[in-house]
Amino acid sequence: GAGVSQSPSNKVTEKGKDVELRCDPISGHTALYWYRQSLGQGLEFLIYFQGNSAPDKSGLPSDRFSAERTGGSVSTLTIQRTQQEDSAVYLCASSLVAGVSYEQYFGPGTRLTVT
Amino acid sequence: AQSVTQLGSHVSVSEGALVLLRCNYSSSVPPYLFWYVQYPNQGLQLLLKYTSAATLVKGINGFEAEFKKSETSFHLTKPSAHMSDAAEYFCAVSLGSGNTGKLIFGQGTTLQVKP
């Protein structure tokens, strides 16, 4: 079956612009996670959803970052007023249910470059 | 607080040689531990996980890891390296109780396999 998909695969934007990154989880997966992979910080957790609720937003680096999930499926990560330090690969993962017993399946990521 | 340290950002082995990638963890509660592999321009794929059952965990592609509580280690090994094993490897930890599945990753180790 289809895996986790993310769009766009690459995004180049100018400093100060807003961007939206999309994640389509595996059908039937109720948990969805966002991570960021950057040269300086490695792989970092950003936020996760169980259904449409986000119980843990502790990894969002600033209030310029927000995420939502609708219909228990697609999620959008929005970065407002992008800065150069936002340049990274943004990875999405989904699992059947939130919890360590359930494997997270990762998408290919969106590479964001802020110029 | 939980953390993961991977010793060696780059490891180079010859084809057919033993692969050893080191991971040490810090956790105040019994951890769940994972190894992921990332091939170029792809998402992460789960190699294996430790969930407090057997201390020696076997994963995909001939990899295995041993949980050693006394050494707070979870090193990844493979008896004989293949060219196709060249990739980046991440060790990760997640809380065991009341967990959300949120993963804390190490900095990653790039494995180079020489012919």
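Please read all numbers here as calculations on a predicted model, not as lab measurements.

Caption draft 1: Spotlight on the pattern of salt bridges. One pass over the full model with this rule turns up six salt bridges over all chains. Linking K102 of chain B and D56 of chain A is a salt bridge whose minimum nitrogen-to-oxygen distance equals 3.6 Å. With one member in each of two chains, K102 of chain B in the loop between β9 (87-95) and β10 (104-105) and D56 of chain A in strand β6 (residues 53-56) form a pair that bridges those chains. We note a salt bridge from K58 of chain B to E64 of chain B, for which the minimum N-O separation is 2.8 Å. Assessed through its relative accessible area of 23%, E64 of chain B is described here as partly exposed.

Caption draft 2: Region of interest: the interface of chain A and chain B. Contacts between the two partners involve 22 residues from chain A, matched on the other side by 21 residues from chain B. Across the chain A to chain B interface the summed buried area is about 1,600 Å²; carbon plus sulfur atoms make up 55%. Among the residues of chain A in contact with chain B, L43, V100 and F106 of chain A are the three that bury the most area, contributing 39% of the side total. On inspection of chain A and its partner chain B, the count reaches one salt bridge. Seen at the junction of chain A and chain B, the total is six residue pairs in polar contact (both at pLDDT 80 or more). Among the elements of the structure, β4 (31-38) and β5 (42-50) of chain A are those that each provide at least two residues to the side of chain A that touches chain B.

Caption draft 3: Geometry of the sheet that holds strand β7 (residues 64-68) of chain B. Residue and element names in this part refer to chain B. Read from one edge to the other, the open sheet built from five strands follows the order β1-β3-β8-β7-β6, with strand pairing classed as antiparallel. Each edge of the sheet is formed by a strand with only one pairing partner; in this case those strands are β1 (3-7) and β6 (56-58). Neighbour-to-neighbour, the strand axes of the sheet open up by a mean angle of 20°, direction not taken into account.

Caption draft 4: Geometry of the state of the cysteines. All names here are of chain B. Tallied over the full model, the rule gives two disulfides over all chains. The residue that forms a disulfide with C23 is C91, at a sulfur-sulfur distance of 2.0 Å. Residues C23 and C91 share a disulfide whose torsion about the S-S bond is about -65°; that sign makes it left-handed. With C23 in strand β3 (residues 19-26) and C91 in strand β9, this pair connects stretches of sequence that are 68 residues apart. In this pair, the class of C23 matches that of C91, namely buried.

Caption draft 5: View of empty space enclosed by the protein. If you walk through the whole model with that rule in mind, you get one cavity of 30 Å³ or more. Computed from the structure, the largest cavity encloses a volume of approximately 40 Å³. If you go around the largest cavity, the residues you meet are G99, V100, Y102, E103 and Q104 of chain A together with F34, Y36, G101 and L103 of chain B. Its residues placed into classes, the lining of the largest cavity shows five nonpolar, three polar and one charged.

Caption draft 6: Focus on the nonpolar core. Ranked by size, the top nonpolar core spans 26 residues in total, and within it W35, L48, F74, L76 and Y89 of chain B carry the most contacts. Put simply, the parts of the chain that give this core at least two residues each are β2 (10-14), β3, β4 (31-38), β5 (44-50), β7, β8 (73-78), β9 and β11 (109-114) of chain B. Counting 21 residues, the second largest nonpolar core, distinct from the first, contains Y33 and Y48 of chain A together with F34 and L44 of chain B.

Caption draft 7: Up close: the environment of A88 of chain A. Residues and elements named next belong to chain A. Topologically, A88 is positioned in strand β9 (residues 88-95). By relative accessible area, which is 8% here, A88 ends up buried. Distance in space between the C-alpha atoms of A88 and Q41 is 9.6 Å, their sequence separation being 47 residues. Setting aside anything within four residues of it in sequence, one finds A88 in contact with R36, Q37, S38, T110, R111 and L112.

Caption draft 8: Fine view of the layout of surface pockets. Estimated volume of the largest pocket: approximately 660 Å³. Every element with two or more residues in the lining of the largest pocket is listed here: β4, β9 and β11 (110-114) of chain A together with β9 of chain B. Here the lining of the largest pocket is built from residues that sort into eleven nonpolar, 13 polar and two charged.

Reading guide: rules and limits
- Residues numbered from 1 in each chain as written.
- Chains lettered and ligands numbered in written order.
- Predicted model: local features only at pLDDT ≥ 70, side-chain atom pairs only at ≥ 80, totals over all residues.
- Heavy atoms only, no water.
- Salt bridge = Lys/Arg side-chain N within 4 Å of Asp/Glu carboxyl O.
- Helix = DSSP H or I, 4+ residues; strand = E, 2+ residues; numbered from the N terminus.
- Buried < 20%, exposed > 50% of the residue type's maximum accessible area, 1.4 Å probe, protein only.
- Contact = heavy atoms within 4.5 Å.
- Buried area = accessible area lost by both parts, 1.4 Å probe.
- Polar contact = N/O pair within 3.5 Å; in protein donor to acceptor, adjacent residues only side chain to side chain.
- Pairing = 2+ DSSP bridges.
- Axes fitted to C-alpha atoms, helices over the stretch in contact; angles between N-to-C directions.
- Disulfide = S-S within 2.5 Å.
- 1 Å grid on protein atoms, 1.4 Å probe; cavity = no way out; pocket = protein on both sides within 12 Å on 5 of 7 lines; lining within 4 Å.
- Points joined across faces, edges and corners; volume = space filled by probe spheres on them.
- Nonpolar A, V, L, I, M, F, W, Y, C, P; charged D, E, K, R; others polar.
- Core = buried A, V, L, I, M, F, W, Y, C linked by side-chain atoms within 4.5 Å.

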